[in-house]
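# Summary of structural features
One letter stands for each residue in the lines below.
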Amino acid sequence: ELGLFAMAAAGLEAVPDPSGLFLGDRRPGIPGTVITPALDGHRPLLVEIQTLVADSTLSQPRRSAQGLDSGRLALLLAVLTKRAGVAIQALDVYAMAVGGVKVVEPGADLAICLSLASSLVSRPIDSSLVAVGEVGLGGELRQVGRLDFRLAEASRMGFTTAVVPRSAPDVDAPIKLLRVPTLSAAVDLLDLRRT
């Protein structure tokens, strides 16, 4: 379980709203940025995923991951290229979970991929949207646990739309679900292809 504390004059104090803390400095309208409702233990936490895709001068393009698993990033880049037709293999890729958070669960896969596609085409994703779902090697989107809990937190923080796997269950939260079967369909839905 994640515990967040802030240093105050009287010592350490618990942070009552960690999602608000991590999203406090967020700047909407930046390409390559997506919010995902991650779980750390039993607590939902809204995490900003940022990526930057740039031309490479290296024979083997650079891959950098902070707060994200580098092996998982390599896997997602391969699926994005092979299954979604997003040509990213010859470019430098930088990816991070903002705020020093470590995101190791597969529920952030979809957000990472959409962030990469957004950075590639220099087109921002709607700032009222969150993305959550596991990406399989076939490019299919798979549901993740405690989706209702995650999306209730997203709704509480003012998000109105969520991109989720087609198989995701209905949730009891005031948030619109955009259901997609594959990563390719999610890229198309958000108009993140090069023209």
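Attention in this report is confined to the structure presented alongside it. All figures in this text were calculated on a predicted structure; none of them were measured in a lab.

Let's shift gears to the pattern of salt bridges. The final tally for this structure, using the stated rule, is 8 salt bridges. Between Arg72 and Glu134 there is a salt bridge; the shortest N-O distance is 3.8 Å. Highlighted residues: Arg72 in helix α2 (residues 70–82) and Glu134 in strand β8 (residues 134–135), separated in sequence by 62 residues. For Arg72, a relative accessible area of 26% corresponds to the partly exposed category. Using a relative accessible area of 24% as the deciding quantity, one classes Glu134 as partly exposed. Through salt bridges that share partners, Arg72, Asp109 and Glu134 make up one connected network.

Ranked by internal contacts, the top residues of the largest apolar core, which has 44 residues, are Leu114, Leu116, Val163 and Leu183. Taken together, the elements giving at least two residues each to this core come down to β3 (33–40), β4 (43–55), α2, β6 (91–97), α3 (109–121), β7 (129–131), β11 (176–180) and α5 (183–189). The residues contacting Leu114, other than those within four sequence positions of it, are Val34, Ile125, Ala131, Ala186, Val187, Leu190 and Leu192. Ranked by size, the runner-up nonpolar core spans 15 residues in total, among them Leu151, Ala154, Ala162 and Val164.

Here the focus is helix α4 (residues 147–156). Those residues of α4 that fall on the buried side of the exposure criterion are Leu147, Arg150, Leu151, Glu153, Ala154 and Ser155. Once α4 finishes, Gly158 follows within two positions and takes phi at roughly 95°, a positive value.

Next up on the list: the packing of aromatic side chains. Enumeration over the complete set of coordinates arrives at 0 aromatic pairs. Taking NZ or CZ as reference, Arg146 lies 4.2 Å from the ring centre of Phe149, over its face.

Our focus in this paragraph is the packing of α2 against α3. Between α2 and α3, the shortest axis-to-axis distance is 10 Å and the interhelical angle comes to 60°. Classified by the angle their axes make, α2 and α3 are oblique. Like other packed secondary-structure pairs, α2 and α3 cross with a definite hand, here right-handed. Counting all contacts with α2, which are made through Arg72, Leu73, Leu76, Leu77 and Leu80, the residues of α3 involved are Asp109, Ile112, Cys113 and Leu116. Class assignment of the residues belonging to the contact of α2 with α3 gives a composition of 7 nonpolar, no polar and 2 charged.

Relative to the elements of secondary structure, Gln50 occurs in strand β4. It is 7.0 Å that separates the C-alpha atoms of Gln50 and Val98, two residues lying 48 residues apart in sequence. The residues contacting Gln50, other than those within four sequence positions of it, are Gly32, Thr33, Tyr94, Ala95, Met96, Val98 and Ser115. In this structure the side chain of Gln50 is engaged in a polar contact, spanning 3.1 Å, whose partner is the side chain of Glu48.

Quick look at α3 now. What sets the pattern is the α-helix's 3.6 residues per turn: residues three or four places apart point alike. When the terminal C-alpha atoms of α3 are compared, their 19 Å separation across 13 residues agrees well with the 18 Å that a helix rising 1.5 Å per residue should span. In the stretch just after α3, Ser122 is the one whose phi turns positive, near 55°.

So, on to the pairing of strand β5 (residues 63–66). As paired strands, β5 and β6 are joined by 4 bridges and run parallel to one another. By the bridge assignment, Arg63 is partnered in β6 with Val93. In this fold, the crossover linking β5 to β6 by way of α2 has left-handed handedness.

Moving on, we get to the environment of Thr160. Counting through the fold element by element, Thr160 comes out in the loop between α4 and β10 (161–165). Sequence-wise, Thr160 and Ser127 are 33 residues apart; in three dimensions their C-alpha atoms are separated by 9.4 Å. With residues up to four places along the chain from it excluded, the contact list for Thr160 reads Ser128, Ile175 and Lys176. Polar side-chain contacts of Thr160 include one of 3.5 Å to the side chain of Thr161.

Thresholds applied
- Residues numbered from 1 in each chain as written.
- Predicted model: local features only at pLDDT ≥ 70, side-chain atom pairs only at ≥ 80, totals over all residues.
- Heavy atoms only, no water.
- Salt bridge = Lys/Arg side-chain N within 4 Å of Asp/Glu carboxyl O.
- Helix = DSSP H or I, 4+ residues; strand = E, 2+ residues; numbered from the N terminus.
- Buried < 20%, exposed > 50% of the residue type's maximum accessible area, 1.4 Å probe, protein only.
- Core = buried A, V, L, I, M, F, W, Y, C linked by side-chain atoms within 4.5 Å.
- Contact = heavy atoms within 4.5 Å.
- Phe/Tyr/Trp six-rings, centres within 6.5 Å; stacked < 30°, edge-to-face > 60°.
- Lys NZ or Arg CZ within 6 Å of the ring centre and 35° of its normal.
- Axes fitted to C-alpha atoms, helices over the stretch in contact; angles between N-to-C directions.
- Parallel < 35°, antiparallel > 145°, perpendicular 65-115°, else oblique.
- Left-handed = near helix turned anticlockwise from the far one by under 90°.
- Nonpolar A, V, L, I, M, F, W, Y, C, P; charged D, E, K, R; others polar.
- Polar contact = N/O pair within 3.5 Å; in protein donor to acceptor, adjacent residues only side chain to side chain.
- Expected span 1.5 Å × (residues − 1).
- Pairing = 2+ DSSP bridges.
- Right-handed = clockwise from strand over helix to strand, strands pointing away.

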